[in-house]
Amino acid sequence: MAVLDTMPIFSYIWKKLAGIHLTIVLCLLLAADLSLGYVCLNRNEILFAPLNDVGLIAWINTYGRCNLKSTAWLLALLVLLTLFCINTFVCTTDRVARLIRHRKKYPRLRLLFRLAPHLMHYALILILTGYLSSYTFARVLDSRTLVPGSSLRLPGTEARIQFQSFSPDYYKGSRMPAFDQHVIRPRARLLLIDGDHHRKAELSYNKPVIFKNYGIFLKDFAPKKKGGGMNSNERIDLTIRKDPGVFLYMLGMLLFTAGIALYLTDWMAPKNGKRRPDE
Amino acid sequence: MWLFLLPGLFANAALVFWRYSTAWPLMPMYLGPATLPLCLGLLITLNRRRADDIRARRFVLGLTLFLAVAAFLFPKDFYLPFLKSNTPTSHLFFLFKTLGQGCFLFSAAWAWAGLLSGKPQQFWFRWAVWGFAFWTLCMFSGMLWSYLGWGSPVVWDDAAITLIMATWFFYISLLHLHLTGTWTAQARAAYAASGAFVVVTLSFLPDLGPLRWPF
């Protein structure tokens, strides 16, 4: 901050970037842009689906550039989110610096509660940074199919995944006739082989397996029904991702939730024997 | 009022319970429009502290009736639930979304009542904060579900994700306006009252289906 005080032009820019009016304007622009995004996404879902597989840069250079009418909102969203992150960082850093300067005025717990909104702000930046790294640096192997007994090697390693067997849970109730005899929870048994080390794992929907920093996700499977009908051969389709952004956005979510919990605790707590007024 | 509200609430609760238990352990994705009137009805029944505020109560009741009729005439929950919704995160997503919507609409009702009385109280702010907390948890459980199920933070197959984020940004701006004391109390209350339109347009209407005349 002392550097900023000695250089008026930086100080001016810093103050402008920390402005609450900029926050409000950016929030409203983001809300409008995302609403427009709903219309574009609804009409051209197929344009956006590859974003998770090919990554942001490759997507912008192909789908993004060639369909600007439908994708401009996403490009605008990236610009707005960048500005929003800068605004959030400058604004909250300003206030945190002030709080730390005057920290002796507050008891420790009070200081912690006062830091709660700033924790949420930094957590949001962390989440957005995680998203960006996820869409920029994630390595994705989409739709790798395995049949029982077959295996595949994880790229850049000697580690292998072997599909051993498929033992799903079937729908047992009678409430949804369309699900009668159908798989309700697919369960694939995998053997994870890394040199001499062998480990068994169970893969299912919403239950990925993490192995050698790769996330292994079940994308599809067969058979869908007991007996299987025409499609009775067992197979699983996998999506394999090495995603450096996951840790960042999970940590961000955790910190944001902690920030909300702290803020609500402080807000709901009685002040001097009275409940805090609604203001 | 109770003569109509309580039977309506029971009927709505029975419908939601029946639809949910039919789909269990999967999540009935499009049951939201039928659950929101129930949430509002429960909030107005349980929130007796300010029950004297007749304008806000009328606003919420009118809105509840409108939402219930819309959900009845334009249902979308005839789709079968999908297998990837068989996880606690999907149920949390549904629960937090409904609670968030309810709190936001309550906040708008009290802001509206304050504007009409000419003395905007700050009671709306309490509900906006709770709404924001639930909405954030809804987004986070959605993110978690998206990661566990698809491996990525956003599933682009469902456009509604953008509207959830749009609503979140709208309320971020409202909370910042209030906490920093920017704008007058009247202007802030007007902004909060407009939240009803934003929530209904961005998070209720997209969940409606085509008209299905029930008779």
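The rules behind the values
Residues numbered from 1 in each chain as written. Chains lettered and ligands numbered in written order. Predicted model: local features only at pLDDT ≥ 70, side-chain atom pairs only at ≥ 80, totals over all residues. Heavy atoms only, no water. Helix = DSSP H or I, 4+ residues; strand = E, 2+ residues; numbered from the N terminus. Rg over C-alpha atoms; globule rule 2.2 N^0.38 Å. Buried < 20%, exposed > 50% of the residue type's maximum accessible area, 1.4 Å probe, protein only. Contact = heavy atoms within 4.5 Å. Areas by Shrake-Rupley, 256 points an atom, 1.4 Å probe, with all protein chains shown as cover. Pairing = 2+ DSSP bridges. Axes fitted to C-alpha atoms, helices over the stretch in contact; angles between N-to-C directions. pLDDT = per-residue confidence, 0-100. Polar contact = N/O pair within 3.5 Å; in protein donor to acceptor, adjacent residues only side chain to side chain. Phe/Tyr/Trp six-rings, centres within 6.5 Å; stacked < 30°, edge-to-face > 60°. Lys NZ or Arg CZ within 6 Å of the ring centre and 35° of its normal.

## Side note on the overall build of chain A
When helices and strands are tallied, chain A shows nine helices and 10 strands. For 279 residues, the compact-globule formula gives about 19 Å, and the C-alpha radius of gyration of chain A, at 25 Å, lies well above that figure. Principal-axis analysis of the C-alpha atoms gives chain A an extent of 70 × 55 × 45 Å. Put simply, chain A has 279 residues, and 43% of those count as buried. Relative to all contacts within chain A whose residues are 6 or more apart in sequence, the contacts with residues 24 or more apart total 57%. In the structure as shown, chain A presents an accessible area of about 15400 Å², 61% of it carried by carbon and sulfur atoms.

## Digging into the sheet that holds strand β3 (residues 160-166) of chain A
Residue and element names in this part refer to chain A. The strand order across the open sheet formed by four strands is β2-β3-β6-β7, and the pairing between neighbours is antiparallel. Edge positions in the sheet fall to β2 (151-153) and β7 (197-203), since each of these pairs with one other strand and no more. If you compare each strand with its neighbour and ignore which way they point, the axes differ by 25° on average. The sheet contact formed by β3 and strand β6 (residues 188-194) spans six bridges and is antiparallel. From the neighbouring strand, Gln-162 faces β6, where its bridge partner is Leu-191.

## A short note on the sheet that holds strand β1 (residues 139-146) of chain A
Residues and elements named next belong to chain A. What the four strands build is an open sheet, ordered β1-β10-β9-β8; its pairing is antiparallel. Pairing within the sheet leaves two strands with one partner each, and these edge strands are β1 and β8 (209-211). Each adjacent strand pair in this sheet contributes to an overall mean axis angle of 25°, direction not counted. Taken together, the six bridges between β1 and strand β10 (residues 235-242) define a ladder with antiparallel strand orientation. Its bridge partner being in β10, Val-140 is matched across the sheet by Arg-241.

## Here's the deal with the confidence of the model for chain B
Residue and element names in this part refer to chain B. When the pLDDT values of chain B are averaged, the result is 89; 97% of them are 70 or greater. Highest mean pLDDT in chain B belongs to helix α8 (residues 195-204) (95); lowest belongs to helix α1 (residues 2-23) (89). Two numbers describe this predicted complex: its pTM, 0.93, and its ipTM, 0.92.

## Concerning the side chain of Thr-87 of chain B
Secondary-structure assignment places Thr-87 of chain B in the loop between α3 (54-73) and α4 (88-117). Take Thr-87 of chain B: its relative accessible area is 7%, and that puts it in the buried class. In terms of polar contacts, Thr-87 of chain B uses its side chain to reach the side chain of Thr-89 of chain B, at 3.0 Å. Setting aside residues up to four positions removed in sequence, Thr-87 of chain B forms contacts with Asn-206 of chain A together with Trp-145 of chain B.

## A word on the packing of aromatic side chains
Across all of its chains, the model carries 33 aromatic pairs over all chains by this definition. Ring geometry for Phe-48 of chain A versus Trp-156 of chain B: centroids 6.2 Å apart, planes at 25°, classification stacked. Here Trp-156 of chain B lies in the loop between α5 (123-150) and α6 (160-179) and Phe-48 of chain A lies in helix α4 (residues 45-48), a pairing that spans two chains. A residue is classified by how much of its surface remains accessible, and Trp-156 of chain B, at 9% relative accessible area, is buried. Here Tyr-20 of chain B and Trp-24 of chain B contribute two aromatic rings whose centre-to-centre distance is 6.4 Å and whose plane-to-plane angle is 40°, an arrangement assigned as tilted. By relative accessible area, Tyr-20 of chain B is classed as buried at 17%. Among the aromatic side chains, those forming a connected cluster through ring pairs are Phe-84 and Phe-256 of chain A together with Phe-132, Phe-140, Trp-168 and Phe-169 of chain B. Seen from the ring of Tyr-205 of chain A, Lys-84 of chain B lies directly overhead, with NZ or CZ sitting 5.0 Å from the centre.

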